Amino acid sequence: MALCDNLKNARNRMGLSQEAVAEELGISRQAVTKWELGQSKPSAKNLKALTELYQISYEELISEGPNLILRANLTKWAIVLQAAFLCSCSWYAYTLRDNLDDVVYRGAFVFSLIMLLSCSIWMAANHRYELDRAF
């Protein structure tokens, strides 16, 4: 969410009117309206006063939600890594068929399996705990 949405939601959560907020900060109601419509932004002094009035942190007030581009890129990386480790597991399993006593191949196979499992768990956890937002 944008700053204007966060300001409006925080005010509504506290059950305050725009007039009450304006009076508390010593500004006009029109200034509060402009902030909530995104037509202007509060000064640093007013942001500090708003965090105290709304009883929220500065980070919560200015946060814009999850970084969906970063999330999409991390997911793509996880898919690529998962595919790479799956291919290496398959290759090492095929090679081990002929060299059952080779310790290097066994170690590489186990390492690839562990990395494949790690990528799978990370992707599942990322997908489960990060909610998608419709824009």
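The coordinates are above.
Cut-off values and rules
- Residues numbered from 1 in each chain as written.
- Predicted model: local features only at pLDDT ≥ 70, side-chain atom pairs only at ≥ 80, totals over all residues.
- Heavy atoms only, no water.
- Helix = DSSP H or I, 4+ residues; strand = E, 2+ residues; numbered from the N terminus.
- Buried < 20%, exposed > 50% of the residue type's maximum accessible area, 1.4 Å probe, protein only.
- Contact = heavy atoms within 4.5 Å.
- Areas by Shrake-Rupley, 256 points an atom, 1.4 Å probe, with all protein chains shown as cover.
- Arc of directions from axis to C-beta.

*Asks:* Whenever I open this one, the overall build of the protein confuses me. Can you help?
*Replies:* The number of helices and strands found in the protein is seven helices and zero strands. Reading the protein from its N terminus to its C terminus gives the helix and strand order α-α-α-α-α-α-α. Counting the 135 residues in the protein, one finds 26% classified as buried. Here the contacts in the protein between residues at least 6 apart in sequence split such that 62% fall between residues at least 24 apart. Approximately 9,500 Å² of the protein is accessible, and the part contributed by carbon and sulfur atoms is 61%.

*Asks:* Please clarify how helix 4 (residues 44-54) should be interpreted in this entry.
*Replies:* Because each turn of an α-helix spans 3.6 residues, side chains separated by three or four positions end up pointing in the same direction. Regarding helix 4, the residues found buried are N46, L47, L50, T51, L53 and Y54. Relative to the axis of helix 4, the buried residues are bounded by an arc of 165° and lie together on one face. Within helix 4, the exposed residues directed more than 90 degrees away from the buried face are A44, K45, K48 and E52. Looking at the buried residues of helix 4, the elements they touch are helix 1 (3-14), helix 2 (18-25), helix 3 (29-37) and helix 5 (58-62). Directly after helix 4, the chain includes Q55, whose backbone phi takes a positive value near 55°.

That's the geometry; what it means functionally is another story.
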